[in-house]
Amino acid sequence: ITSAVAFDILPLKLHPFSQSTPTGLDCVGWKQRISFPVIADGALDKTALTDDVGSEEDLYEDFRSSSHRYGHPGGGGEQLAINELISDGSVVYAEALWDHVTMDDQELGFKAGDVIEVMDATNKEWWWGRILDSEGWFPASFVRLRVNQDEPMEDYPLKVEGGKEDDSSSGTRRFGMGQTTKDQMRTNVINEIISTERDYIKHLKDICEGYIKQCRKRADMFTEEQLKTIFGNIEDIYRCQKKFVKALEKKFNKDHPHLSEVGSCFLEYQTEFQIYSEYCNNHPNACMELSRLTKVNKYVYFFEACRLLQKMIDISLDGFLLTPVQKICKYPLQLAELLKYTNPQHRDFKDVEAALNAMKNVARLINERKRRLENIDKIAQWQSSIEDWEGEDVLVRSSELIYSGELTKISHPQAKSQQRMFFLFDHQLVCCKKDLLRRDILYYKSRINMDDMEILDVEDGKDKDFNISVKNAFKLHCRDTEEVHLFCAKKPEQKQRWLKAFESERRQVQLDQETGFSITEVQKKQAMLNASKQHHTGKPKAVTRPYYDFLMRQKHPTLPTTLPQQQVFMLAEPKRKPSNFWQNISRLTPFRK
């Protein structure tokens, strides 16, 4: 751009695209042509804008009056095509990407991996579907259309004992009007993997060049911290995905796609895909920050101008930023489908099988990190409830409560015994004293750095170091200072639980080092700030749901009125058994003055 370039803006027709498939689509119909000059440094020429089309407020009203709902994509070409197929009598199947848990009898509940027959896709956000004998509404963004629509429902998937798929599909089956071999099915899946990767690369490029590049030129509107919150590490993801798609294309057999050997590519990049963890954990913060900014008209206009200058499809920025979250969840589903149509004799079979397990592990890691980040709020709240706290915050070094319980601590030089509550976090053991009258109030006493300690099991009998008889005891010995801490549990099983907890703490620390898990300073400060506010009010804060509002919005009066509880990183795996661990702590240290 040398001086000023005019580009066309659309308020679009009444067919925006579905947020569930934001890549690989083209812009549709032009209704109104308005020129918006953009000066060379990326800043918008407000003078020219005002002369041509009036104020930013007028422009915002033009968007609204033209039926363009910023931040509310849906419908579109895909949706129309689905409805045409249904109208023609075709059966359309979709696969669940995430669990949809509901108590509403008008909604259809399912687990990730379930296959749903789509019966009505008229609404852009809620579709009507059927699983076996159950029918109901379900969120369209929770599913993707199945690649091989011709495959009969009763064969999807075939299961035998041990949970492995039946390989009876290795022969030729009759589907619809003709016959399709297993190789053809594999070709369909391979083509989908390659095409969606190419679309995804373009999508990431558009975000980096269309939004981030322009935002950095507007220091008057965005700070670097804001951009980090909104876009996370998406530029790192873009660089990673460019290398990954090149590796895929090298393995792609254009003449005979079913012979392509792509499994090794996923195995090669499984470690690099862990960068999605940071992005997925930050995504709720990105949604909240965007929600705050887009209440100001100039930001609505700016983001829309960025989209149009980059010639991106009619989806708002929050919709584009959801795609990496969806993408990392789709890999296990795509690989599971690829494995199903790969004969055991195929050269790619073992690699695809290993790749499926690897990508499931990546998803588990992302889930675990998300759980850890959710726990830091609880840790911050716990600390705020402790009286007379001294020293640095727990979150400075720790992010996981491993175990807690009551122990007798014996100290030198008089071998004085004290009854104390201990909380074992990664890297540190915090010691607290119960209030004499109100046993649910705790006072901070001390902490022990676990990185310097070794655990010593002590036999029942007389201890030489402390010259006293002990039972159910163990020691913490500092390697550097030779300092020794002696602890006694009430029962042998309690002692064993503590010894196992210390082992778990060391494993957790080692795993965090290997996987590079860490909590940012911003996340720590925000957790402590939230805990401080909650502690001073004396009651829990009201729960807000801007994150879910971004993922699902609906207006149709006949549709469900509640938002689905989406778990964006969850695969079809057993749920974590609910723990009463934190409830036990809350009884000891209620979060109030």
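Residues numbered from 1 in each chain as written. Predicted model: local features only at pLDDT ≥ 70, side-chain atom pairs only at ≥ 80, totals over all residues. Heavy atoms only, no water.

Looking at this structure, how should I read the overall build of the chain?
The number of helices and strands found in the chain is 15 helices and 18 strands. Out of the 593 residues belonging to the chain, those deemed buried represent 51%. For the chain, the share of sequence-separated contacts (at least 6 apart) that also reach a separation of at least 24 residues comes to 67%. Accessible area for the chain stands at about 29,300 Å²; split by element, carbon and sulfur atoms hold 49% of it. (Helix = DSSP H or I, 4+ residues; strand = E, 2+ residues; numbered from the N terminus. Buried < 20%, exposed > 50% of the residue type's maximum accessible area, 1.4 Å probe, protein only. Contact = heavy atoms within 4.5 Å. Areas by Shrake-Rupley, 256 points an atom, 1.4 Å probe, with all protein chains shown as cover.)

Hey, could you run me through the nonpolar core in this one?
As a rule of thumb, nonpolar side chains are buried together in soluble globular proteins. F231, F266, F273, F303 and I328 are the most contacted members of the largest nonpolar core, which has 82 residues in total. No other element matches helix 4 (residues 182-216), which puts 13 residues into this core. Membership of the second largest hydrophobic core comes to 22 residues, among which are W389, F423, C432 and A531. (Core = buried A, V, L, I, M, F, W, Y, C linked by side-chain atoms within 4.5 Å.)

Looking at this structure, how should I read the confidence of the model for the chain?
Close inspection of predicted coordinates is inappropriate for parts of the model with low pLDDT. Per-chain confidence: the chain averages 75 in pLDDT, with 70% of residues scoring 70 or above. Per-residue pLDDT stays below 50 along residues 539-579; that stretch engages in 96 contacts with residues further than four places along the chain or on separate chains. Contacts for the low-pLDDT stretch residues 585-593, under 50 throughout, to residues beyond four places or in other chains number 28 contacts. (pLDDT = per-residue confidence, 0-100.)

Can you walk me through the packing of helix 4 against helix 10 (residues 317-340) in this structure?
Between two packed helices, the angle of one axis relative to the other and the distance separating the axes together describe the packing. It is the contact of helix 4 with helix 10, at a shortest axis distance of 11 Å, that shows an interaxial angle of 160°. With respect to helix 10, the element helix 4 is oriented roughly antiparallel. As for the relative orientation of helix 4 and helix 10, their crossing is left-handed in sense. Class assignment of the residues belonging to the contact of helix 4 with helix 10 gives a composition of 13 nonpolar, 4 polar and 7 charged. (Axes fitted to C-alpha atoms, helices over the stretch in contact; angles between N-to-C directions. Parallel < 35°, antiparallel > 145°, perpendicular 65-115°, else oblique. Left-handed = near helix turned anticlockwise from the far one by under 90°. Nonpolar A, V, L, I, M, F, W, Y, C, P; charged D, E, K, R; others polar.)

Explain the environment of N123 here, please?
Following the sequence through the fold, N123 ends up in the loop between strand 4 (115-120) and strand 5 (126-131). Classification of N123 by relative accessible area gives buried; the value is 18%. The spatial distance from the C-alpha of N123 to the C-alpha of P139 is 9.9 Å, given a sequence separation of 16 residues.

What exactly am I supposed to notice about the sheet that holds strand 4 here?
The pairing of strands in a sheet comes from backbone hydrogen bonds and takes either a parallel or an antiparallel form. An order of 6-5-4-3-7 is seen for the 5 strands of this open sheet, with the pairing classed as antiparallel. Two strands close off the open sheet at either side, each with one partner strand: strand 6 (134-139) and strand 7 (143-145). Taken pair by pair, the neighbouring strands of this sheet meet at an average axis angle of 45°, ignoring direction. The sheet contact formed by strand 3 (residues 92-96) and strand 7 spans 3 bridges and is antiparallel. Pairing of A96 across the sheet is with V143, part of strand 7. (Pairing = 2+ DSSP bridges.)

Can you help me understand the environment of M185 in this one?
Residue position: M185 is located in helix 4. M185 sits 157 residues away from T342 along the chain, and the two C-alpha atoms are 9.1 Å apart.

Before we go on, may I ask you to explain the sheet that holds strand 12 (residues 428-434) in this structure?
What the 7 strands build is an open sheet, ordered 13-12-11-10-18-17-14; its pairing is antiparallel. With one partner strand each, in any of the chains shown, strand 13 (442-449) and strand 14 (453-458) form the two edges of the open sheet. The sheet shows a mean angle of 35° between the axes of neighbouring strands, direction not considered. Strands in contact with helix 11 (residues 349-385) are strand 10 (401-411), strand 11 (416-425), strand 12 and strand 13; relative to strand 11, the strand with the most contacts, it is inclined by about 150°. Strand contacts of helix 12 (residues 492-515): strand 10, strand 11, strand 12, strand 14 and strand 17 (473-478), with the helix running at about 125° to strand 10, the strand carrying the most contacts.

What is the right way to read the pattern of salt bridges from this model?
Any two side chains of opposite charge can pair if their charged atoms end up close together. This structure, assessed with the given rule, holds 33 salt bridges. With its nearest N and O atoms 2.9 Å apart, the salt bridge here joins E192 to R144. Note that E192 is positioned in helix 4 and R144 in strand 7, a separation of 48 residues in sequence. Relative accessible area serves as the criterion here: at 7%, R144 is assigned to the buried category. Measuring nitrogen to oxygen at the nearest pair gives 3.4 Å for the salt bridge that ties E278 to K228. (Salt bridge = Lys/Arg side-chain N within 4 Å of Asp/Glu carboxyl O.)

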